[in-house]
Amino acid sequence: MILKTNVPENLGIPSEAVLRFLEHLEQRKICLHSFMVLRHGEIATEGYYPPFKADTIHRMYSISKTFVSVAIGFLIDEGKVKLDDKVTDFFPEYKTENIHEYIANATVRDLLMMSTPYEYSAYSEEENWVRAFFHGTASHKSGALFIYDTGGTVMLTGIAEKLTGKNLLDYLRPKLLDHIGFSKEAWCVERPEGGAWGGSGVECSTHDLAKFGLFLLNKGRCGDKQLLSEDYVNQATSAQIDNRISTGDPEFQFGYGYQIWHTRNGGFALYGMGSQLCVCVPDKDLMLVTTADTQIIPHGSDIILDAFWNDVYPYVTDKNKNDKDEKLPENKKTYEKLKNKFGNLEFISVDGKPTSHKSHELYSGKKYPLGKNRMNISEVQFIFDGDRYDKAVMKYTNATGNHEIQFGICRYETGEFPETHYFGRKIGVPKGCGYRYKASGAWFDDETLIIYLYIIDDYFGTLKINVRFSGDGKGITLFMSKSAEWFLDEYYGIAETDYSNLI
């Protein structure tokens, strides 16, 4: 499947609506990596924020869960799985004599609609995540409540892989992925015991995600081929269970299907942490796709969705794809403005001034010994350089050694984060090298420097740093805040100059 590109107006979408959508997100400081708007299977508009491109392999986090749902759908079509099958029957080796009846009676359908018998998931506390499903403390009957539980998805992945003898994506390739032109380079992070981390690990491109979304929007079809039964897709994309009580995000309280969220306006969405989104709206044959990192922004995905529903959706024509009147009059001026914006996309920079009157004579190069702190940073130093002092480096010593982070002032620098013990292709196994990052800083005032660092690797995360220099330059207060799953934990806290050891 090759996605065709068209002009927004030809597809009944005003260019000014897309422009307004992007400006809205910029005002809210949303860190987008990419976005696409599609209609009738064609690309109306798309944009990428360096270093991301259309074919960049990108972590999709919990959108991975929908791939697991589709795999279960194919197994149902093959007659190997039924929705009412008890999940414990697939793993008799883990079924103990004293297993709780709520666990023993959980069905495939229960897990698909995030209705396990658990109030809290403990899958990550064991080395074998599939086995962990049988060792939890059940709190209620499965199928009764929606409580988001990635452990249920892990179990479904285990079922699919045990029945097929294949990794999740390897099973899906001949069934689906090869038909829609999915990237050969796509892969999935592994669970500790081996096998795909179907709950969060799929890595694919923005175009791959769009093609996968179109397959669902077209009710399991690719061209003239019905790959997955329409009945299963209809069930999976419909609201099967109420989720308003246990879901805090306003845009995700419209019900839940089979590892798929229901949305406003009769739509459905694939959703991954950090605003990986594929929003499908059947009534207008419309789709929004984004990759991003909004983990550190409360309800960041709600902001994106609210902008889409208010800035784009109402202005898309209601005509069907066979009606020639659907096209809007061309708007060359706004379309050119939109294209120009695409050529200048960049992460939102830190608000502030490019210089401090004191940064070089008082702060640059000075080593600050720090008192005891939870981050175990014993010393920090800032060096400001560049022809315009637009480049800087933060040098520091922590429990893993001497490190440095380069960052631009009012612009971005790229680099490799100094910690090498964070996970790689398999959970629990260190990658052995640092994650790639982009970092930028700016001065709030002459004594306060703010730094944003975005991890842009197979894992995504955000580190924000507030550096407060004393007026005389002799002391420093360092505050770090992070949002990342299972890493950057040693970069959260407050540290201050130990004045007794000043150099």
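Quick notes on the rules
- Residues numbered from 1 in each chain as written.
- Predicted model: local features only at pLDDT ≥ 70, side-chain atom pairs only at ≥ 80, totals over all residues.
- Heavy atoms only, no water.
- Helix = DSSP H or I, 4+ residues; strand = E, 2+ residues; numbered from the N terminus.
- Buried < 20%, exposed > 50% of the residue type's maximum accessible area, 1.4 Å probe, protein only.
- Polar contact = N/O pair within 3.5 Å; in protein donor to acceptor, adjacent residues only side chain to side chain.
- 1 Å grid on protein atoms, 1.4 Å probe; cavity = no way out; pocket = protein on both sides within 12 Å on 5 of 7 lines; lining within 4 Å.
- Points joined across faces, edges and corners; volume = space filled by probe spheres on them.
- Nonpolar A, V, L, I, M, F, W, Y, C, P; charged D, E, K, R; others polar.
- Expected span 1.5 Å × (residues − 1).
- Pairing = 2+ DSSP bridges.

K.L.:
Explain the side chain of serine 183 here, please?
P.N.:
Tracing the backbone through its elements, the reader meets serine 183 in the loop between helix 7 (168-180) and strand 4 (187-188). Of the residues examined, serine 183 reaches a relative accessible area of 14% and is grouped as buried. Side-chain polar atoms of serine 183 contact the side chain of aspartate 208, separated by 2.7 Å.

K.L.:
Sorry if this is basic, but what is going on with empty space enclosed by the protein here?
P.N.:
Over the atoms, a rolled probe matching the size of one water molecule traces out where space is still vacant. Applying the stated criterion to the full structure yields two cavities of 30 Å³ or more. When its volume is computed, the second largest cavity comes out at roughly 30 Å³. Lining the second largest cavity are Pro354, Thr355, Ser356, Ser359, His360, Phe384, Tyr389, Ile409 and Trp443. Of the residues contributing to the lining of the second largest cavity, the split by class is five nonpolar, four polar and no charged.

K.L.:
Sorry, what's going on with helix 2 (residues 64-77) here?
P.N.:
Residues spaced three or four apart along an α-helix point in a common direction, a consequence of the helix completing one turn every 3.6 residues. Across its 14 residues, helix 2 extends 20 Å between first and last C-alpha, which sits within 8% of the 20 Å expected from 1.5 Å per residue. Within helix 2, 12 of the 14 residues are buried, which leaves it mostly tucked inside the rest of the structure. Those residues of helix 2 that sit buried are Ser64, Lys65, Thr66, Phe67, Val68, Ser69, Val70, Ala71, Ile72, Gly73, Phe74 and Leu75. A positive backbone phi angle near 80° is found at glycine 79, which sits one or two residues after helix 2.

K.L.:
What should I look at first to understand the sheet that holds strand 10 (residues 276-281) in this one?
P.N.:
Neighbouring strands of a sheet are bound in pairs by backbone hydrogen bonds; such pairs are parallel or else antiparallel. Taken in spatial order, the six strands make up an open sheet running 2-1-11-10-9-8, and their pairing is antiparallel. Looking at the sheet topology across the chains shown, the edges are occupied by strand 2 (42-48) and strand 8 (261-262). One ladder, built from five bridges, connects strand 10 with strand 11 (residues 286-292); its direction is antiparallel. Paired with valine 279 across the two strands is leucine 288, which belongs to strand 11.

Purely geometric stuff here, so don't read any function into it on its own.
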